[in-house]
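Each chain is listed here by its residues.
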Amino acid sequence: MRYLIEQNVAALRQTRLLLSSITAEQYVRPVESCFGSTLGGHVRHLLDHYSSYFKSGSEGWIDYETRERDQRLETDPLFAIAVTDETMRLLGVHAEDEGGHHLAVRVEHLNEGDPGFVAPSSYRRELLFLLSHTVHHCALISVCCHSMGIRTPSGFGVAPSTLRHRETQQAARA
C-alpha cells in the first residue's frame, strides 16, 4: 500500500513542479495540437479523480463519473498547486488506513440506454488506477507543453515501469 501511495505522490509532485514553472496564461491556453485542451483542463480532471477517491472512505463506493469539475482548478494554477499539495497530504493520511478493504466503483453506461453497473474493487486497486490515470494525463500535458515550447520535468508522464526499463537499458549499455 505504501508503495502505491508513494508512486501517486511522486506523480503529483512532478505535476506540482510543472505547475510552479508555468505562467497563468500558459495554464489556460488552448493547445490546437492537443485538440484544443488546456493544461488546466487536464490538471482539473486528474485532481477530480483523487477527490472522488477520497470521498469513498465514508461511503464504501467510488463514483468517478460524478465529479465536482471546479473551474478554479482549470483556470488558476496557484489554486491547482494548493489542491495538489492537499491531495498529496491526504494520500498519506487517508489511504494508509484503507488497506485492501473492498469497495464498489460505479461505472457509467457505456452505450446509450445502458443502465451502467457497480464493479467490485479495493482501495489498492483504485490507487493503481489513479496512478495510471495520472501518468496518462501527465503524458498528455507533456505533449501540450512541448507544443508550447515548455520543458517538463524529467520522466514527466512516463510510467514507473517504463522509467525502470530505461534505467536497466542504460545500465546494460554502460
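Summary of the structure given here. (Residues numbered from 1 in each chain as written. Predicted model: local features only at pLDDT ≥ 70, side-chain atom pairs only at ≥ 80, totals over all residues. Heavy atoms only, no water.)

## With respect to the state of the cysteines
Put plainly, two cysteines are in a disulfide when a covalent bond ties their sulfur atoms together.
Step number 1: For the coordinates displayed, the defined rule picks out 0 disulfides.
Step number 2: In this structure Cys145 is a free cysteine whose sulfur lies 7.0 Å from that of Cys144, the closest cysteine sulfur available. (Disulfide = S-S within 2.5 Å.)

## Topic: the packing of helix 1 (residues 2–19) against helix 6 (residues 123–148)
Step number 1: One way to put it is that helix 1 packs onto helix 6 with a least axis distance of 9 Å and a crossing angle of 20 degrees. When the axis of helix 1 is compared with that of helix 6, the two are roughly parallel. Here helix 1 and helix 6 pass one another in a crossing that is left-handed. Residue-level inspection shows Leu4, Ile5, Gln7, Asn8, Ala11, Thr15 and Leu18 of helix 1 in contact with helix 6, the latter providing Arg124, Leu127, Leu128, Leu130, Leu131, Thr134, Cys138, Ile141 and Cys145.
Step number 2: Its residues placed into classes, the contact of helix 1 with helix 6 shows 11 nonpolar, 4 polar and 1 charged. (Axes fitted to C-alpha atoms, helices over the stretch in contact; angles between N-to-C directions. Helix = DSSP H or I, 4+ residues; strand = E, 2+ residues; numbered from the N terminus. Parallel < 35°, antiparallel > 145°, perpendicular 65-115°, else oblique. Left-handed = near helix turned anticlockwise from the far one by under 90°. Contact = heavy atoms within 4.5 Å. Nonpolar A, V, L, I, M, F, W, Y, C, P; charged D, E, K, R; others polar.)

## A few points about the packing of aromatic side chains
Step number 1: What the rule picks out here adds up to 3 aromatic pairs.
Step number 2: Ring geometry for Tyr53 versus Phe54: centroids 5.7 Å apart, planes at 70 degrees, classification edge-to-face.
Step number 3: A ring pair is formed by Tyr53 and Tyr123, whose centres lie 5.8 Å apart and whose planes are at 85 degrees; its orientation type is edge-to-face. Linking Tyr53 in helix 3 (residues 39–59) with Tyr123 in helix 6, this pair joins segments that are 70 residues apart in sequence. (Phe/Tyr/Trp six-rings, centres within 6.5 Å; stacked < 30°, edge-to-face > 60°.)

## Some remarks on the sheet that holds strand 1 (residues 61–63)
Two pairing modes exist for strands in a sheet, parallel and antiparallel, and in both the strands are linked by backbone hydrogen bonds.
Step number 1: Pairing in this open sheet of 3 strands is mixed, and the strands run 1-2-3 from one edge to the other. Bordering the open sheet on either side are strand 1 and strand 3 (117–122), each of which pairs with just one other strand. Here the strands of the sheet are splayed against their neighbours by 30 degrees on average, with no regard to which way each runs.
Step number 2: When strand 1 meets strand 2 (residues 102–107), the two strands line up parallel, connected through 3 bridges. The partner of Ile62 across the bridge, within strand 2, is Val105. (Pairing = 2+ DSSP bridges.)

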